[in-house]
Each structure stands twice: as C-alpha cells, then as structure tokens.
Amino acid sequence: MSTRRNEVHILFVGYSRPDSNDSTAMRANCTCTLIKTRNGRNIIVDTLTAWDGERLTEVLRNLHGLQPEDIHVVVCTHGHSDHTGCNYLFRAAQWHIVGACVSNRDKYLDCALTRGESEPFQLCGDDVTVVRTPGHTLSCVSVLVRDTAHEGVVGICGDLFERVEDIADPTIWLEAGSENASSQRRQRLRLAELCDYIVPGHGQGFAVTSQMREKLRQQLNACNSGEHLEDVFM
Ligand SMILES: [Zn+2]
C-alpha cells in the first residue's frame, strides 16, 4: 500500500482591502492553491485575475516543475473575476469547474453537482471532492482534500471564509458580499466541522480549532433564533 499522501500548496495568499486612493473601490485578489494528489494529478483552485498569468506560470514552473499543460483540473470556487482570470492558461485540463458548472471547451457536463444535488463531484476518487457551499454566491463550491501530508482534511473554501479573522468578526464576510447569508452561516459551520485546515478566499490558510467551531455554532444559533423571532412577530 502506498504511503504517499496528497499535498496542498498555497501558491499565492490572497487579500482584500479598501483602495487607499479611491474610497469607492476595493483591492482584492484570491488565494490560489495547487493540489498534488498521491497518484500524480495536479489540480489548481482559483486562478487569480487575468493579469497574473506570468507570475502564476513562473511559480508553477520554479517551485513545482509544472507547465500549464500539467494541470489536470481547474476549479474556481465561484465565478468572480479574481478567482477565474487565468483559467485560459490550462487548456489541457480535463475540466474547468467554475462554481457548480463543469465544462471542457463547449461541452457542459450534466451531473449531480451541476444539478444542485448533494452528492460530491470526485476529482480523484474520495481523496479530492468538490461540494456545493452556497452563500457568497449561490453557485459557490469548496474543494475537500483528504489524507494530506500534514493537515488532515483540507477545505479550500473560496469566499465562504474571507480570511481567518472573519470567524471572530462576521462583518468581514458579510461586507465582502453574500447572496444568501443564512446559507453561508450554515455552510461555514458545516465545512469547519468537516475540515482540520481551511484555505479561505482572501487570506492565509488556518488550522480549525474547537473554539472556532463553537463560535460558528453560536453565530448560527443566534441567527436562527433571530429568524424565528422575526417569523413570530411578522
Ligand atoms: Zn473573492
């Protein structure tokens, strides 16, 4: 039996902050992640903006010895332009998965993931799966990587989590935009319970602690009882 493990490498740490020169604008780019599976598949998750092709190509070549055509699958956690910009580099990939949409050239797959069913989409058996995590956008997905070298189960969650600080301060993810905040709150707890380590959409990866899970549970419960009160008084 192979003792090799799956590897998760953060290629670029994302950010999001107000533009210091323009009060009507933000500056943001995504956290970009490479998965190298134990059976030799390379999967890239979230591909920065369209202006980042050269530096992405360089990092793949210099740190991992990979050419764009060595990437087997592209996953964008959702369709925003700072998560999809360099998909064009990876035209040898079997699939481009953008949110819950799975395609290759003009061919669009019809499967449980695209139909909104709960069954995960397998990218490498059960080792790497794509699951729907609606909230930031209704089409958002996360990638789960099991049996990793160091971190246990890793969830690459896109903007379900903006960055680790948004657990203590939920205004961070709410102000980053949420198409369905109550769904996002549920999915945040669900993924925190599934994962030992989370890669957020715009920050460093972090180990999930029991205090974080408890905090997310309290936030969900507080909102659920709030929603219930609203129902009663409407
Ligand atoms: Zn984003």
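Residues numbered from 1 in each chain as written. Predicted model: local features only at pLDDT ≥ 70, side-chain atom pairs only at ≥ 80, totals over all residues. Heavy atoms only, no water.

**Q** It is not clear to me how the overall build of the protein chain should be interpreted in this structure. Could you clarify?
**A** Each helix and strand in the protein chain was counted, giving 6 helices and 15 strands. For a compact globule of 234 residues, the expected C-alpha radius of gyration is about 17 Å, and the protein chain comes in at 18 Å, within 12% of that figure. Dimensions of the protein chain, computed from C-alpha atoms along their principal axes, come out at roughly 60 × 50 × 35 Å. Counting the 234 residues in the protein chain, one finds 49% classified as buried. (Helix = DSSP H or I, 4+ residues; strand = E, 2+ residues; numbered from the N terminus. Rg over C-alpha atoms; globule rule 2.2 N^0.38 Å. Buried < 20%, exposed > 50% of the residue type's maximum accessible area, 1.4 Å probe, protein only.)

**Q** Just to check I follow, could you spell out the confidence of the model for the protein chain for this structure?
**A** It should be kept in mind that the predicted coordinates are not to be read in detail where pLDDT is low. For the protein chain, per-residue confidence averages 94 on the pLDDT scale, and residues scoring 70 or more make up 96% of the total. Below a pLDDT of 50 lies the segment residues 230-234, which in the model reaches 0 contacts outside its immediate sequence neighbourhood of four places, other chains included. (pLDDT = per-residue confidence, 0-100. Contact = heavy atoms within 4.5 Å.)

**Q** Explain the sheet that holds strand β14 (residues 197-200) to me, please; I cannot follow it from the model alone.
**A** As a general point, the strands of a sheet are linked pairwise by backbone hydrogen bonds and lie either parallel or antiparallel. The mixed open sheet is built from 6 strands, whose spatial order is β10-β11-β12-β13-β14-β15. Each having just a single partner strand, β10 (121-124) and β15 (206-207) make up the two edges of the open sheet. One ladder, built from 5 bridges, connects strand β11 (residues 128-132) with strand β12 (residues 141-145); its direction is antiparallel. By the bridge assignment for β12, valine 128 is matched with valine 145. (Pairing = 2+ DSSP bridges.)

**Q** Teacher, can you tell me more about the state of the cysteines here?
**A** Put plainly, a disulfide is one covalent bond tying together the sulfur atoms of two cysteines. Going through the model one piece at a time under the given rule, you end up with 0 disulfides. With no disulfide of its own, cysteine 111 lies closest to cysteine 101 among cysteine sulfurs, the gap being 9.5 Å. The exposure class assigned to cysteine 111 is buried, which follows from its relative accessible area of 12%. (Disulfide = S-S within 2.5 Å.)

**Q** I'm lost on helix α5 (residues 181-194) in this one. Help?
**A** In an α-helix, one full turn covers 3.6 residues, which means residues spaced three or four apart are oriented alike. In this model α5 runs 20 Å from its N-terminal to its C-terminal C-alpha over 14 residues, within 8% of the 20 Å that 1.5 Å per residue would give. Within the span of α5, buried status applies to Ser183, Gln184, Arg185, Gln187, Arg188, Leu189, Leu191 and Ala192. (Expected span 1.5 Å × (residues − 1).)

**Q** I would appreciate a short explanation of the side chain of threonine 57 in the present structure.
**A** Structurally, the position occupied by threonine 57 is in helix α1 (residues 53-64). Leave out the neighbours within four places in its chain, and threonine 57 touches Pro68 and Leu89.

**Q** Please clarify how the pattern of salt bridges should be interpreted in this entry.
**A** This model, assessed by the stated rule, comprises 11 salt bridges. Residues arginine 38 and aspartate 147 are paired through a salt bridge, measuring 2.8 Å at the closest nitrogen-oxygen approach. Placement of arginine 38 in the loop between β4 (32-36) and β5 (42-45) and of aspartate 147 in the loop between β12 and β13 (154-158) is noted, with a sequence separation of 109 residues between them. Two residues, glutamate 117 and arginine 115, come together in a salt bridge whose shortest N-O distance is 3.0 Å. (Salt bridge = Lys/Arg side-chain N within 4 Å of Asp/Glu carboxyl O.)

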